[in-house]
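Fold and geometry: a report
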Amino acid sequence: SVDFSEDGKIDTLQEHVKGEGIPIVLMGDGFVDQEFTDGTYRRVMEKAMENLFTEEPVKSLREYFDVFMINAVSENNDFGMGYKTAFSCKLAGGNSTTIIGDDTSVQIYVGKVLDKEKKKENSLAVVILNTSAYAGTTYWGYQGKNNKLVEFAIAYCPVIDNLDSEHFRQVLVHEAIGHGLGKLEDEYVYSDKGSISTLEIQRIRTMQANGWLQNVDFTASKDTVLWASFLTDSRYQNEHLGVYEGACTYPKGAYRPSEDSMMNSNTCAFNAPSRKSLYEKVMKIGMDTEQVLYEDFVTFDKAHLPEMLPVASYTRAAFSGQSFARPVWTGSRLSH
């Protein structure tokens, strides 16, 4: 780039018409000046927005969201040694899908869009990388005032394959909606990892006490597992819900609600417990609702059930041939 005059300009792509507005701030890394003047940057951001609202329940809850795009002009439109980009993103490459970005810079750009503290704490930042690499990583666990955990998350996702690629859509939904908004855990496994440790279970339990990671558990009991209500509800008998061993990347000791889901292979819908978490998140942030009743969710869900694809026989890791990066717990203070 030689012209940085477009940097920092903000555009509103969508305004909420229900509730208080849940902010999503879209930005790109590795886009140079000419990609702003020829409309490439805007097309990528608009496509990213559309992809975010392709799966239930957020597909039918779109009216609760505000979506902004902010221009971030990079010096180079490539990544790696010798290149400079707005958010200094680095792709691990090889057999990993990990993306590392400049957390502070992302927060500064979010702050340019959202001037109210509450809005920032409840916002989702989505950084689209200008590369076709297969990757994706979400960062969460930020603390607000009084060291209280806030909902803010940063999801990094490249334009995988190309702008109209199904892989781009799937990974963006998995990372930004599943992890970033819903605070859902991964349901896939690495066959060589063995049993989940007591320490890891304790770490996840701490987050579950905050209402996060409600799509995994550490008991095989259908009576006490977190999604027990669904297992005895005849209205969900066609979804083949159960207690399936293997979650949080561990084959043993961790359990998930369905054989496959958006949080497993990326190739099918969110399962019912994950849809419930997403619905609750929208109601709590968008409507400032303290508690969402199970029957309120079911009433909504039955009216907007996703098309359930046949259960796949492969795991998410096998689907891409790459190891996937779990969300990164930052534990850092959110800057204001």
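Our subject is the structure listed above.
Reference entry: report on the structure contained in this document. (Residues numbered from 1 in each chain as written. Predicted model: local features only at pLDDT ≥ 70, side-chain atom pairs only at ≥ 80, totals over all residues. Heavy atoms only, no water.)

**Observations regarding the overall build of the protein chain**
How we decide: The helix and strand labels rest on DSSP assignments: H or I over at least four residues marks a helix, E over at least two residues marks a strand, and numbering proceeds from the N terminus. In this setup the radius of gyration rests on C-alpha atoms only. A globule is expected at 2.2 Å times the number of residues raised to 0.38. Think of it in three bands: residues with accessible area under 20% of the maximum for their type are buried, residues over 50% are exposed, and the middle band is partly exposed, with areas taken using a 1.4 Å probe on protein chains only. In what follows, a contact means two residues having at least one pair of non-hydrogen atoms within 4.5 Å.
In terms of regular secondary structure, the protein chain is built from ten helices and eleven strands. In summary, the protein chain has a C-alpha radius of gyration of 19 Å against a globular reference of 20 Å for 336 residues, a match within 12%. A principal-axis box enclosing the C-alpha atoms of the protein chain has dimensions of 60 × 45 × 40 Å. Put simply, the protein chain has 336 residues, and 54% of those count as buried. Taking as baseline every contact in the protein chain between residues at least 6 positions apart, the subset at least 24 positions apart corresponds to 74%.

**Comments concerning the pairing of strand β3 (residues 65-70)**
Here is the rule: DSSP bridges decide pairing: two strands pair if at least two such bridges lie between them.
For β3, the buried fraction is high: six of the six residues fall into the buried class. Burial along β3 is two-sided: the residues Phe65, Val67 and Met69 and Asp66, Phe68 and Ile70 are all buried. Here strand β1 (residues 10-14) runs beside β3; their pairing, made up of four bridges, is antiparallel. Bridging across to β3, Gln14 finds its partner in Val67. Here five bridges tie strand β2 (residues 22-29) to β3, and the two strands are oriented parallel to one another.

**Brief notes about the packing of helix α8 (residues 272-286) against helix α9 (residues 294-303)**
Quick note on the threshold: Only the stretch in contact is used when fitting a helix axis, every axis being a line fitted to C-alpha atoms; angles between N-to-C directions are given from 0 to 180 degrees. In this scheme, roughly parallel covers angles under 35 degrees and roughly antiparallel covers those over 145, while 65 to 115 is roughly perpendicular and the rest are oblique. We call Asp, Glu, Lys and Arg charged. Ala, Val, Leu, Ile, Met, Phe, Trp, Tyr, Cys and Pro are nonpolar, and the rest, Gly among them, are polar.
Two elements in contact, α8 and α9, have axes separated by 10 Å at closest approach and are oriented at 105°. Between α8 and α9, the angle is such that the two are roughly perpendicular. Note on element contacts: α9 touches α8 through Tyr294, Asp296, Phe297, Phe300 and Asp301, opposite Ala272, Arg275, Lys276 and Tyr279. Class assignment for the residues of the contact of α8 with α9 results in five nonpolar, no polar and four charged.

**Regarding helix α2 (residues 40-52)**
Condition: Here, expected helix span is obtained from the residue count minus one, scaled by 1.5 Å. In this description, the arc belongs to the directions extending from the helix axis to the C-beta atoms.
A rise of 1.5 Å per residue sets the reference length of α2, with its 13 residues, at 18 Å; its end C-alpha atoms lie 19 Å apart and thus fit the reference within 8%. Those residues of α2 that sit buried are Tyr41, Val44, Met45, Ala48, Met49, Asn51 and Leu52. One side of α2 carries all its buried residues, which in axial view fall inside an arc of 165°. Looking at the buried positions of α2, the neighbouring elements they touch are β1, β2, α1 (34-37), β3, β6 (124-129) and α5 (166-181).

**Considering the pattern of salt bridges**
So the rule is basically this: In what follows, salt bridge is the name for a side-chain nitrogen of Lys or Arg lying within 4 Å of a carboxyl oxygen of Asp or Glu.
Under the counting rule described, the total for this entry stands at 21 salt bridges. Among the salt bridges present, the one from Lys276 reaches Glu280, with a minimum N-O distance of 2.7 Å. Of this pair, Lys276 and Glu280 both sit in helix α8, four residues apart, which is roughly one turn of the helix. Connected through salt bridges with shared partners, the residues Glu185, Glu200, Arg203 and Arg326 form a single ionic network.

**Considering the side chain of Lys183**
Spelled out, the test is: Counted as a polar contact is a pair of N or O atoms within 3.5 Å, where, for protein atoms, one must be capable of donating a hydrogen and the other of accepting one, and residues adjacent in sequence contribute only when both atoms are in side chains.
With respect to the secondary-structure elements, Lys183 resides in the loop between α5 and α6 (198-208). Of note is the side chain of Lys183, whose polar atom sits 2.7 Å from the backbone oxygen of Glu151. Excluding anything up to four places from it in sequence, Lys183 contacts Trp140, Glu151, Ala153, Gly178, Trp212, Leu213 and Lys281.

**Regarding the sheet that holds strand β11 (residues 328-329)**
Across the sheet, which stays open at both edges, the seven strands sit in the order β1-β3-β2-β6-β8-β7-β11 with mixed pairing between neighbours. Each edge of the open sheet is held by one strand with a lone partner, namely β1 and β11.

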